[in-house]
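In case you want the letters, here they are:
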Amino acid sequence: MTSRTGFFVLAAVLLLVALICVGEGLQLIATGKPLGIGIGLCAFVIPLIGVWFLRQTVRFGRASERLARELEAEGGLPVDELRRTAGGRIDRASADEVFTRRQAEAEAAPGDWRVWFRLAVAYADAGDTPRARKTMAHAIRLHGAASAPIPAG
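The residue count restarts for each chain, going from 1 along the sequence in the order it is written. Side-chain atom pairs in this predicted model are given and counted only at pLDDT of 80 or more, local residue features only at pLDDT of at least 70, and totals for whole chains, interfaces and linings cover all residues. Where side-chain values are given, they derive from all heavy atoms of the structure, hydrogens and water being excluded.

Chemist: Kindly report on the packing of aromatic side chains, identifying the contributing residues and their values.
Modeler: Pairing of aromatic side chains requires ring centres within 6.5 Å, counting the rings of Phe and Tyr and the six-membered ring of Trp. Pairs whose planes differ by under 30 degrees are stacked, by over 60 edge-to-face, and all others tilted. Counting across every chain of the model gives two aromatic pairs. Arranged with centres 4.8 Å apart and planes meeting at 55 degrees, the rings of Phe 99 and Tyr 123 form a pair that is tilted. Of the two residues, Phe 99 sits in helix 3 (residues 92–108) while Tyr 123 sits in helix 4 (residues 113–125), which places them 24 residues apart along the sequence. Grouping residues by exposure puts Phe 99 and Tyr 123 together as buried. Over a ring means this: the NZ of a Lys or the CZ of an Arg is within 6 Å of the ring centre and within 35 degrees of the ring normal. Directly above the ring of Phe 60 sits Arg 133, whose terminal nitrogen or CZ lies 4.3 Å from the centroid. Secondary structure follows DSSP: runs of H or I at least 4 residues long count as helices, runs of E at least 2 residues long count as strands, and numbering of each begins at the N terminus. Think of it in three bands: residues with accessible area under 20% of the maximum for their type are buried, residues over 50% are exposed, and the middle band is partly exposed, with areas taken using a 1.4 Å probe on protein chains only.

Right, dumping it as structure tokens:
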């Protein structure tokens, strides 16, 4: 299963659970008892958090894809230069080598979203997903700042 397919399956499950929570919350509120009303209102919070998280994830994915398309159009996408084991897994030493180079590029040009994008890919290749997401978010912020119009005045 691809990550995109997995995302859509989980998103559908999340929306189904949100509908169930809202339905149960409405039934609890309809009891008219203070405890039922309180728990029913709390049941509305869970879907709100889930839908907010889903929205943020979709926005992050779209922004990442937009940066990838722009970088591809410029010819700047990172080339897969990683060595792989016989089973197809990325060789750890190779990933560390590429990561070190990408990190040096990011330190040399801290305001360039392109180097941060490539560093995020290197983090992902090294298996460090939390740092990959954080670094990609930084690249997205830098891209937004770079493409924002400069106010006249």
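Chemist: Kindly report on the side chain of Ser 64, identifying the contributing residues and their values.
Modeler: Structurally, Ser 64 can be placed in helix 2 (residues 34–74). Looking at Ser 64, the relative accessible area reads 14%, which means it is buried. Apart from residues no more than four positions distant in its own chain, Ser 64 is found in contact with Phe 117, Met 136 and Ile 140. In what follows, a contact means two residues having at least one pair of non-hydrogen atoms within 4.5 Å.

Chemist: If you had to explain helix 1 (residues 3–30) to someone new, which residues and values would you point to?
Modeler: Multiplying 1.5 Å by the residue count of a helix minus one yields the expected span of that helix. For helix 1, spanning 28 residues, the distance from its first C-alpha to its last is 40 Å, which sits close to the expected 40 Å at 1.5 Å a residue. Those residues of helix 1 that fall on the buried side of the exposure criterion are Gly 6, Ala 11, Ala 18, Cys 21 and Gly 25. The inward-facing, buried residues of helix 1 abut helix 2. With its phi angle positive at about 80 degrees, Gly 32 sits one or two positions after the end of helix 1.

Chemist: Account for helix 4, naming residues and giving values.
Modeler: With 13 residues, helix 4 ought to run about 18 Å at 1.5 Å a step, and its terminal C-alpha atoms sit 18 Å apart, in line with that. Buried residues belonging to helix 4 abut helix 2, helix 3 and helix 5 (129–147). Pairing of N or O atoms within 3.5 Å defines a polar contact, subject to two protein rules: one partner must be a possible hydrogen donor and the other a possible acceptor, and residues neighboring in sequence count only if both atoms are side-chain atoms. Put simply, Asp 112 is the residue that caps the front of helix 4, since its side-chain oxygen is 3.1 Å from the backbone nitrogen of Arg 114. Once helix 4 ends, the next one or two residues include Gly 127, with phi positive near 90 degrees.

Chemist: So what's going on with the pattern of salt bridges? Which residues, and what values?
Modeler: Pairing between side chains of opposite charge can happen when the charged atoms of each approach one another. Salt bridges are defined by distance alone: a side-chain nitrogen of Lys or Arg within 4 Å of a carboxyl oxygen of Asp or Glu. What the rule picks out here adds up to 10 salt bridges. The residue Arg 83 makes a salt bridge to Asp 91 at a minimum N-O spacing of 3.5 Å. Residue Arg 131 is joined to Asp 128 by a salt bridge in which the shortest nitrogen-to-oxygen separation is 3.0 Å. Each of the salt bridges in this network shares a partner with another, and the network as a whole consists of Glu 81, Arg 101, Arg 102 and Glu 105.

Chemist: Talk me through the packing of helix 2 against helix 4; I want residue IDs and the actual numbers.
Modeler: Note on definitions: angles span 0 to 180 degrees between N-to-C directions of axes, and those axes are lines fitted to C-alpha atoms, for helices only across the stretch in contact. At a minimum axis distance of 11 Å, the contact between helix 2 and helix 4 shows a crossing angle of 110 degrees. By the angle between their axes, helix 2 is roughly perpendicular relative to helix 4. Remark: the crossing between helix 2 and helix 4 carries left-handed chirality. Contact residues: helix 2 offers Ser 64, Leu 67, Ala 68, Glu 70, Leu 71 and Glu 74, while helix 4 offers Trp 113, Arg 114, Phe 117 and Arg 118. All amino acids are sorted into three groups, where Ala, Val, Leu, Ile, Met, Phe, Trp, Tyr, Cys and Pro are nonpolar, Asp, Glu, Lys and Arg are charged, and the leftover types, Gly among them, are polar. Tallied by class, residues from the contact of helix 2 with helix 4 come to five nonpolar, one polar and four charged. For classification, angles of less than 35 degrees are called roughly parallel, those exceeding 145 degrees roughly antiparallel, those between 65 and 115 degrees roughly perpendicular, and all remaining angles oblique. In a left-handed crossing the near helix is turned counterclockwise from the far helix by less than a right angle, and in a right-handed crossing that turn is clockwise.

Chemist: Could you give an account of the environment of Ala 108, naming the residues involved and the relevant values?
Modeler: You can see Ala 108 is positioned in helix 3. By relative accessible area, Ala 108 is classed as exposed at 66%. Separated by 86 residues in the primary sequence, Ala 108 and Val 22 place their C-alpha atoms 51 Å from one another.

Chemist: Break down the nonpolar core for me, with residues and values.
Modeler: To define a nonpolar core, start from buried Ala, Val, Leu, Ile, Met, Phe, Trp, Tyr and Cys residues and group those joined through side-chain atoms within 4.5 Å. By size, the foremost hydrophobic cluster in this structure holds 17 residues, and its most contacted members are Trp 113, Trp 116, Phe 117 and Leu 119. In terms of residue count, the dominant contributor to this core is helix 4 (eight residues). Excluding residues within four positions of it along the chain, Trp 116 makes contact with Ala 106, Ala 109, Pro 110, Thr 135, His 138, Ala 139 and Leu 142.

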